[in-house]
Each structure stands twice: as structure tokens, then as C-alpha cells.
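Each chain, written out:
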Amino acid sequence: RYEPLRRWGYQLVDRAVETYAGFVSDRDHLVFVSDHGMTPVTHEVRVNLALRAAGLVAVDARGRIDPARSQVLFGRNCLRIHTDDWKGGVVPVGQREAVLARAVAVLRGIRDEGDARPVITDAFWTPADRERLGFGGPNGYDACFDVRPGFLMATTMGDGQLVRRLQRPTGEHGYLPTRPDMHGILIAAGPGLPAGGRWPVTRAIDVAPLVS
């Protein structure tokens, strides 16, 4: 059902680009930039199934995640330990690191059927990791993860299948920001720029000064 709308959206973007390009004079610069990259996804990893099997996530009578009884709360590629310094928390603060280490080990142990390679390729949960990648803090996640190309860490429980091949490939973002496929695009042309040049990796916060 989405395919016609997706094609329509791409066509709309192409027509907008064509319109903007038609406004450009010899004195103007044209700059296109995106806020993040995209990577192709063919498989879904239902992380909460693995965490539930390890006793770290609880479900209600309808089979949905029950945060009030779960030791670990998983979000997009990251998790936090449900410690009792939060209202309703179930893990004593003194046990945070032990529960975190167990959750990381569980996720590192996920395999696709018939493939011995780990699906989770990296875990970032040390203070140095949090500082370098800019997550954590009193209201942030305790650990974040990266996965093999083609895999998506999903929050859904689904039908009980831990790793599922998608019926149709899609594109996603939100992975480790240093991955090349997570880099945004930056394309520009105009009299102040050399034709055919190529920039090194540039930070998003440098785009506005460039335009200025």
C-alpha cells in the first residue's frame, strides 16, 4: 500500500529540486544537505524476545511489554536499566552494572538461524563510550548497540521468531553515527566552490557557517 505513496514522494522531491535549480543565477549557490544517512535493511531482530527469555523483560496477559515489571527497557538501538531511583523502578541501583552486563551479553549472543556470526557487532556502555558518542547522563540510555549491515533492532515482539527476514527490504537510520552509511549528503555548487571538488567528512554544525 505504501509503494505508490513512496514513489509519489520521491517524484515530489525531484520536482522541488528541479524548481529550485531553475531559480539559480550565475551568482548564486545551491546547497542540498540531509540530516542523516540511510542504510538498507533486510532483517528484523526482535531484541525484546531475547531479553524476555533471559528474564530481563516481562510481558502482560496480552503478550505486550510490561515496563513496570521489566528490569531492562529497550528503545531504538539502546537500552536503560529500570533502576529504583526512578519511580516504579525494579532494579536496585547497586545492581545496575550487573544487570547491564547481563543484558549486553544476551544481545551479543543473538545469532541469525544457520549463521554463527553475531548480529550485534558492537556494544557501547562504558563512561568513555557515552562521552565519545554523546549519550547517557541522568535521563539517557545506559547502553547502545550497532548491528551487522542489513539488520534492524526492533522493539516488537512479533510471532516469537527472534530474527525475521522482511518481506520487502526497507531503509533505516539511527545506527552508530560514525558509520559511513549514516553520514548525510552535502552537495553544493556555485561561483565560490571549485567544480568537481570533494569535501572531507564534515559535521552537521558546519553546514550553516558554510552557507553563510
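Provided above is the structure to which this section pertains.
Everything numeric in this text was worked out from a predicted model, so none of it was measured.

Chemist: Give me the overall build of the protein chain: which residues, what numbers.
Modeler: What the protein chain contains, in helices and strands, is five helices and nine strands. The N-to-C order of helical and strand elements in the protein chain reads α-β-β-α-β-β-α-β-α-β-β-β-β-α. The globule rule puts the C-alpha radius of gyration for 212 residues at 17 Å, and the 22 Å found for the protein chain is more than 25% above it. With the C-alpha coordinates aligned to their principal axes, the bounding extent of the protein chain is approximately 65 × 40 × 35 Å.

Chemist: Can you break down the layout of surface pockets residue by residue, with the values?
Modeler: A probe as big as a water molecule, rolled over the atoms, marks out the empty space that is left. Estimated volume of the largest pocket: approximately 960 Å³. Lining the largest pocket are 31 residues, with Gly-184, Ile-185, Leu-186, Pro-200 and Thr-202 positioned closest to its centre. Classifying every residue of the lining of the largest pocket gives 18 nonpolar, ten polar and three charged. Approximately 280 Å³ is the volume attributed to the second largest pocket. Along the wall of the second largest pocket there are 13 residues; nearest its centre are Tyr-2, Arg-6, Arg-168, Pro-169 and Thr-170. Examining the composition of the lining of the second largest pocket, we find that seven residues originate from one element, strand E8 (residues 163-172), more than from any other.

Chemist: Can you lay out the state of the cysteines for me, pointing to particular residues and giving the numbers?
Modeler: Taken as a whole, this structure holds one disulfide when the rule is applied. Across a sulfur-sulfur distance of 2.0 Å, Cys-78 and Cys-144 are joined as a disulfide pair. Judged by the sign of its S-S torsion, about 105°, the bond between Cys-78 and Cys-144 is right-handed. Of the two residues, Cys-78 is situated in strand E4 (residues 78-81) and Cys-144 in strand E6 (residues 143-147); the sequence distance between them amounts to 66 residues. Of the residues examined, Cys-78 reaches a relative accessible area of 8% and is grouped as buried.

Chemist: An account of the sheet that holds E8 is requested, with residue identities and associated values reported.
Modeler: Strand order in the open sheet formed by three strands is E7-E2-E8, and the pairing between neighbours is mixed. The open sheet terminates on both sides in strands that have one partner only, identified here as strand E7 (150-154) and E8. Strand-to-strand twist across the sheet, computed as the mean angle between neighbouring axes with direction ignored, equals 40°. Pairing analysis gives five bridges linking strand E2 (residues 39-46) to E7, with the strands arranged parallel.

Chemist: Explain the nonpolar core to me, and be specific about the residues and the numbers.
Modeler: With 32 residues, the main nonpolar core has Leu-51, Val-72, Leu-79, Leu-107, Phe-145 and Met-153 as its most contacted residues. If you tally residues by element for this core, the top one is helix H3 (residues 96-108), at five residues. Not counting residues up to four positions away in its chain, the partners in contact with Phe-145 are Asn-77, Leu-79, Val-104, Leu-107, Ile-120, Asp-122, Ala-123, Phe-124 and Met-153. Judged by nonpolar contacts, the second largest core, of five residues, contains Cys-78, Phe-124, Phe-135 and Cys-144.

Chemist: Describe in detail the pairing of E6, supporting the description with residues and values.
Modeler: Judged by how many residues are buried, E6 sits mostly within the fold: five of five residues are covered. What you see with E6 is no split at all: Ala-143, Phe-145 and Val-147 on one side and Cys-144 and Asp-146 on the other are buried throughout. In this structure, E4 lies alongside E6, joined through two bridges in antiparallel fashion. Of the residues in E6, the one forming a bridge with Leu-79 is Ala-143. Both strand E5 (residues 120-124) and E6 contribute to a ladder of four bridges, which runs antiparallel. From the neighbouring strand, Asp-122 faces E6, where its bridge partner is Asp-146.

Calculation notes
Residue indices follow the written sequence of each chain, beginning from 1 at its first position. Owing to the predicted nature of the model, reporting of local features is limited to residues with pLDDT of at least 70; listing and counting of side-chain atom pairs is limited to 80 or more, with chain, interface and lining totals taken over all residues. Where side-chain values are given, they derive from all heavy atoms of the structure, hydrogens and water being excluded. For helices the rule is a DSSP run of H or I covering at least 4 residues; for strands it is a run of E covering at least 2, with both sets numbered from the N terminus onward. The globule rule used for comparison is 2.2 Å times the number of residues to the exponent 0.38, while the radius of gyration itself is calculated over C-alpha atoms. The rule is simple: put a 1 Å grid over the protein atoms alone, call a set of points where a 1.4 Å probe fits but cannot get out a cavity, call an open set with protein on both sides within 12 Å along at least five of seven lines a pocket, and count a residue as lining if it has an atom within 4 Å of a point. Grid points are joined across faces, edges and corners, and a volume is the space filled by probe spheres set on the points. Under the grouping applied here, Gly and all other residues not named as nonpolar or charged are polar, the nonpolar ones being Ala, Val, Leu, Ile, Met, Phe, Trp, Tyr, Cys and Pro and the charged ones Asp, Glu, Lys and Arg. The definition used for a disulfide is geometric: two cysteine sulfur atoms within 2.5 Å. Remark: exposure states derive from per-residue accessible area (1.4 Å probe, protein chains only) relative to the maximum for the residue type, with buried under 20%, exposed over 50%, and partly exposed in between. Pairs of strands are assigned from DSSP output, requiring at least two bridges between the strands. What counts as an axis is a line fitted to C-alpha atoms, over the stretch in contact for a helix, and the angles between N-to-C directions run from 0 to 180 degrees. What we call a nonpolar core is a set of buried Ala, Val, Leu, Ile, Met, Phe, Trp, Tyr and Cys residues that are connected through their side-chain atoms within 4.5 Å. Should any heavy atoms of two residues lie within 4.5 Å, those residues are considered in contact.

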